[in-house]
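Survey of secondary and tertiary structure
Below, each chain spelled out in residue letters.
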Amino acid sequence: MTAIPNSIEARHIASVLHPATNFKALNADGPLVMTQGRGVFVKDNQGKEYIEGLAGLWCTSLGHGVKELAEAARQQMETVAYTHMFGGRSHEPAINLAEKLKELSPLDTGKVLFGCSGSDANDTQIKLIRYYNNAVGRPEKKKIISRKKGYHGVTLASASLTGLPVNHALFDLPMDGVLHTETPHHYRNAEPGESEEDYAARLAGQLEEMILSEGPETVAAFIAEPVMGAGA
Ligand SMILES: Cc1ncc(COP(=O)(O)O)c(C=O)c1O
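What you see is a predicted model; the values in this text were computed from it and never measured.

Below, the discussion takes up the sheet that holds strand β1 (residues 34–38). Across the sheet, three strands lie side by side as β1-β2-β3; this open sheet has antiparallel pairing. Only two strands of the sheet have a single neighbouring strand rather than two, namely β1 and β3 (49–51). Averaged over all adjacent pairs, the angle separating strand axes in this sheet is 30°, with direction ignored. As judged from the three bridges shared by strand β2 (residues 41–44) and β3, these two strands associate in the antiparallel manner.

Note: β1 against β2, four bridges, orientation antiparallel. Bridge pairing links Gln 36 to Lys 43 in β2. Linking two consecutive strands that pair antiparallel, namely β1 and β2, is a turn of two residues; a positive phi of about 60° is found at Gly 39 within it.

Every residue near the ligand is listed here: Trp 58, Ser 117, Gly 118, Ser 119, Asn 122, Tyr 151, His 152, Gly 153 and Glu 225. Here an oxygen atom of the ligand and a backbone polar atom of Gly 118 are 2.8 Å apart. One of the backbone nitrogen or oxygen atoms of Tyr 151 is found 3.5 Å away from a nitrogen atom of the ligand. If you tally residues by element for the shell around the ligand, the top one is helix α6 (residues 118–135), at three residues.

Of note, the bond from Leu 173 into Pro 174 is cis; its omega dihedral lies within 30 degrees of zero at 5°. With respect to the secondary-structure elements, Pro 174 resides in the loop between α7 (156–161) and β5 (178–181). Phi angles above zero are rare outside glycine, and Leu 57 is one such case at about 50°. As for its position among the elements, Leu 57 is in helix α3 (residues 55–58). The exposure class assigned to Leu 57 is exposed, which follows from its relative accessible area of 55%.

Attention now moves to the pattern of salt bridges. Counting across every chain of the model gives seven salt bridges. The salt bridge partner of Glu 182 is Lys 148, with a shortest N-O separation of 2.8 Å. With a gap of 34 residues between them, Glu 182 in the loop between β5 and α8 (186–189) and Lys 148 in the loop between β4 (143–147) and α7 connect regions that are remote in the sequence. Glu 182 gets classed as partly exposed once you look at its relative accessible area, which sits at 30%. Across the salt bridge formed by Glu 191 and Arg 202, the nearest N and O atoms sit 4.0 Å from each other. Here Glu 191 is found in the loop between α8 and α9 (196–214), whereas its partner Arg 202 is found in helix α9, with eleven residues between them in sequence. On the basis of relative accessibility, which here comes to 44%, the residue Glu 191 falls in the partly exposed class. One salt-bridge network, held together by shared partners, links Glu 71, Arg 74 and Glu 78.

It is worth spelling out the domain arrangement of the protein chain at this point. For the protein chain, the assigned domains are domain 1 (82–114) and domain 2 (118–222). Here the C-alpha centre of domain 2 lies 27 Å away from the C-alpha centre of domain 1.

Take the sheet that holds β4 next. Taking strand neighbours across the sheet as the criterion, the three strands line up as β5-β4-β6 in an open arrangement whose pairing is parallel. For this open sheet the edge positions go to β5 and β6 (219–222), each flanked by a neighbour on one side alone. Taken pair by pair, the neighbouring strands of this sheet meet at an average axis angle of 30°, ignoring direction. Sheet topology note: the β4/β5 ladder contains four bridges and is parallel. Bridge assignment links Ser 146 to a residue of β5, and that residue is His 180. Against the sheet, α9 touches β4, β5 and β6, its axis set at about 150° to β5.

Next up on the list: the nonpolar core. Of all hydrophobic cores here, the largest spans seven residues; its members are Ile 126, Ile 129, Ile 144, Ala 157, Leu 161, Val 178 and Ile 223. Here Leu 161 is in contact with Asn 122, Ile 126, Ile 144, Ser 146, Arg 147, His 152, Val 178, His 180 and Ile 223, once residues within four sequence places are set aside.

Further remarks concern the pairing of β2. Because side chains alternate across β2, one face comprises the buried residues Val 42 and Asp 44, and the other comprises Phe 41 and Lys 43, none of which is buried. Linkage of β2 to β3, two consecutive antiparallel strands, is achieved through a turn of four residues, within which Gly 47 is found at a positive phi near 90°.

Cut-offs applied
- Residues numbered from 1 in each chain as written.
- Predicted model: local features only at pLDDT ≥ 70, side-chain atom pairs only at ≥ 80, totals over all residues.
- Heavy atoms only, no water.
- Pairing = 2+ DSSP bridges.
- Helix = DSSP H or I, 4+ residues; strand = E, 2+ residues; numbered from the N terminus.
- Axes fitted to C-alpha atoms, helices over the stretch in contact; angles between N-to-C directions.
- Near = heavy atom within 4 Å.
- Polar contact = N/O pair within 3.5 Å; in protein donor to acceptor, adjacent residues only side chain to side chain.
- Buried < 20%, exposed > 50% of the residue type's maximum accessible area, 1.4 Å probe, protein only.
- Salt bridge = Lys/Arg side-chain N within 4 Å of Asp/Glu carboxyl O.
- Domains from an automatic or database assignment.
- Contact = heavy atoms within 4.5 Å.
- Core = buried A, V, L, I, M, F, W, Y, C linked by side-chain atoms within 4.5 Å.

Written out as structure tokens, the structure is:
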């Protein structure tokens, strides 16, 4: 692509680095610059409209241009723009949200720890597992079993949980202590004539064998998506 000097595409190519992107294709075709959104629709800078089927990678599940969200953000920005939560600091919106999440979750005795992304959340889960097992005197219990093709994020630790080769190759991942068991994809991976129940039982058996061969005293957790997304 020969971008017009100072066009938004030329400014982009000169200054923005992307995650999960083919740079040759990006340099050849230029970026897709979105400028507007309304409900499930977004528009690029050429005026072309799209249905945004991924909901901003799940961040805009309520749609674009929602007045109530804009108003809530405006009011909060005017009241207290930001307060971190280190060292016991808190704020009412965090307490309200934690209560709401507890109400929605099946774990009524649990507490909520806020993060900034799914990758951050999964890194934090690994930290909690390590912290807890060190604190209770079980330093050997740290291994985590994930699944081939599972998707759990892109930071070093969460990309280790992710079971996709593209997230491992060239990054020296997965890190030690992360193991991957089989992909639960009956349609692609079942033996001829194998029922979903038999397939699920076979995979559960493989998971058990992995725990036993690693040593149950060294295995701290198993992580899996309820429904496979990126890897499906
Ligand atoms: C199941 C699952 N876990 C973790 C993540 C990572 O979340 P984030 O992109 O916010 O880091 C995603 C993102 O799509 C996900 O679908």
